[in-house]
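Observations on the model geometry
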Amino acid sequence: MEDRMSRPFSRITLWLSCLLILISTVSTAQETTGQIEKKLAGSKGHDWIYEKIVMFMGPGDKCKQGERYRFKADHTVVISKCVDSKLQTSTQNWSIQSVDALETHIDVAGTSYILIFWDNSNGHFMLLRTKSDVKVGATIDKQFQLAEE
Amino acid sequence: MDEESKRRWDVALGIIAPILTVIGLLLGVWQFNRGEENKTRLEYQLLAQKDEIDFKRKLWLERLSTYRSIAEQTGKIATTDKTDKSFKDLVHIFDASYWGMMIFVEDPQVEKAMVDFHVEVVDYQNGRSNGDKLKLRADELATACRKSVAPGTAP
């Protein structure tokens, strides 16, 4: 009799445990994605320098060199690039595609990259990588440094 | 049947019989030659098949041995700190296998895992990765190697 009564309770406990595990797994995954997004864009936006933008002195807005990505929390990225002595700016979208223990994939302006962060004594760094599956293919890295705010 | 027609039949048969005999002989020789040709062709095909199976078997055994060696190398790299003196030498040995024997035996999945491990080692050396990731990559590579030589893949 007791056994019959306790059976539904044990089932409920089992279901609740499964639900808790599922919720915690999902929330952990979201947290990881959230942490990465925060690292990349901060709460308002982060400037990532690929090549420091150098402007010419004097009138006009002539530039010498440089490329900068401003990742914003609203999933837009403002890309500023010096082309033919003129600073060109375009706004694109970005999103985290997948996160696992080894790789984080990010979509920037429709192109998929592997996203890597690291820190050293020189500052905070970020890398956008396209990797080939074959040995003779090239691995292309675009390394950025977080601009001091 | 009168005597005249009987004689004509005898003459006709006397001419036709040797011709038929010669044709029969020629057919026999042709058939024998054809049979011999087929036999030789089959023997060649069997030999070629045997050679192919032998080659595949040797390649499979070579693959098994190379994978075992690469698993040992990646294991050593993953468990050695980059500040250790032997780390550079271990990476050098891995690089030699990467551009050498592995190309001869690896399948596309193992090649991808090799590329991933190689890139991870470079990242680790440049401070962009850590020992844990390197271990995970080593595990990924060993799993790909194991799948590549799983039972049923041997010829």
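Up top is the structure these notes are about.
Here's what I pulled together on the structure shown here. Just so it is clear, the model here is predicted, and its values are computed rather than measured.

Okay, the overall build of chain B next. Counting its regular elements, chain B contains five helices and zero strands. In chain B, the order of α-helices and β-strands from amino to carboxyl end is α-α-α-α-α. For 155 residues, the compact-globule formula gives about 15 Å, and the C-alpha radius of gyration of chain B, at 35 Å, lies well above that figure. Principal-axis analysis of the C-alpha atoms gives chain B an extent of 120 × 25 × 20 Å. Considering only residue pairs separated by 6 or more positions, chain B has 64% of its internal contacts joining residues 24 or more positions apart.

Time to look at the interface of chain B and chain A. Listed as interface residues are nine residues of chain B and, on the opposing side, twelve residues of chain A. No other element matches helix 4 (residues 108-125) of chain B, which puts four residues into the side of chain B that touches chain A. Considering only residue class, the side of chain B that touches chain A consists of three nonpolar, one polar and five charged.

Looking now at the pairing of strand 3 (residues 76-83) of chain A. Residue and element names in this part refer to chain A. Alignment of strand 2 (residues 63-72) against strand 3, held across five bridges, turns out to be antiparallel. Each residue of the ladder has a partner; that of Arg 68, found in strand 3, is Ser 80. Where strand 3 lies against strand 4 (residues 86-99), eight bridges are found, and the strand directions are antiparallel. Note that in strand 4 the partner of Ser 80 across the bridge is Thr 89. A loop of two residues connects strand 3 with strand 4, the two strands running antiparallel in sequence, and Asp 84 in this loop sits at a positive phi of about 50°.

Glancing now at the sheet that holds strand 1 (residues 45-55) of chain A. All names here are of chain A. With antiparallel pairing, the eight strands of this closed barrel are ordered in space as 1-2-3-4-5-6-7-8. Within this sheet the neighbouring strands show an average axis-to-axis angle of 35°, counted without direction. Inspection of the sheet shows strand 5 (residues 104-108) paired to strand 6 (residues 111-120) by five bridges, in the antiparallel sense. Looking across to strand 6, one finds that Thr 104 is bridged to Leu 115.

What follows concerns the environment of B:Arg63. Residue and element names in this part refer to chain B. With respect to the helices, strands and loops of the structure, Arg 63 is situated in helix 1 (residues 3-78). Linking Arg 63 and Phe 104, residues 41 residues apart in sequence, is a C-alpha distance of 8.4 Å. Residues within four places of Arg 63 in sequence aside, it is in contact with Val 105, Ser 148 and Val 149.

Residues and elements named next belong to chain B. Put simply, helix 1 and helix 2 (residues 86-98) touch, their axes get as near as 9 Å, and they point 150° apart. Between helix 1 and helix 2, the interaxial angle falls into the category roughly antiparallel. The interaxial crossing formed by helix 1 with helix 2 has left-handed handedness. Taking contact as the criterion, the partners of Ser 69, Ile 70, Gln 73, Thr 74, Lys 76 and Ile 77 in helix 1 are, on helix 2, Leu 90, Val 91, Ile 93, Phe 94 and Ser 97. Broken down by class, the residue content of the contact of helix 1 with helix 2 amounts to six nonpolar, four polar and one charged.

Criteria and thresholds
Residues numbered from 1 in each chain as written. Chains lettered and ligands numbered in written order. Predicted model: local features only at pLDDT ≥ 70, side-chain atom pairs only at ≥ 80, totals over all residues. Helix = DSSP H or I, 4+ residues; strand = E, 2+ residues; numbered from the N terminus. Rg over C-alpha atoms; globule rule 2.2 N^0.38 Å. Contact = placed C-beta atoms within 7 Å. Nonpolar A, V, L, I, M, F, W, Y, C, P; charged D, E, K, R; others polar. Pairing = 2+ DSSP bridges. Axes fitted to C-alpha atoms, helices over the stretch in contact; angles between N-to-C directions. Parallel < 35°, antiparallel > 145°, perpendicular 65-115°, else oblique. Left-handed = near helix turned anticlockwise from the far one by under 90°.

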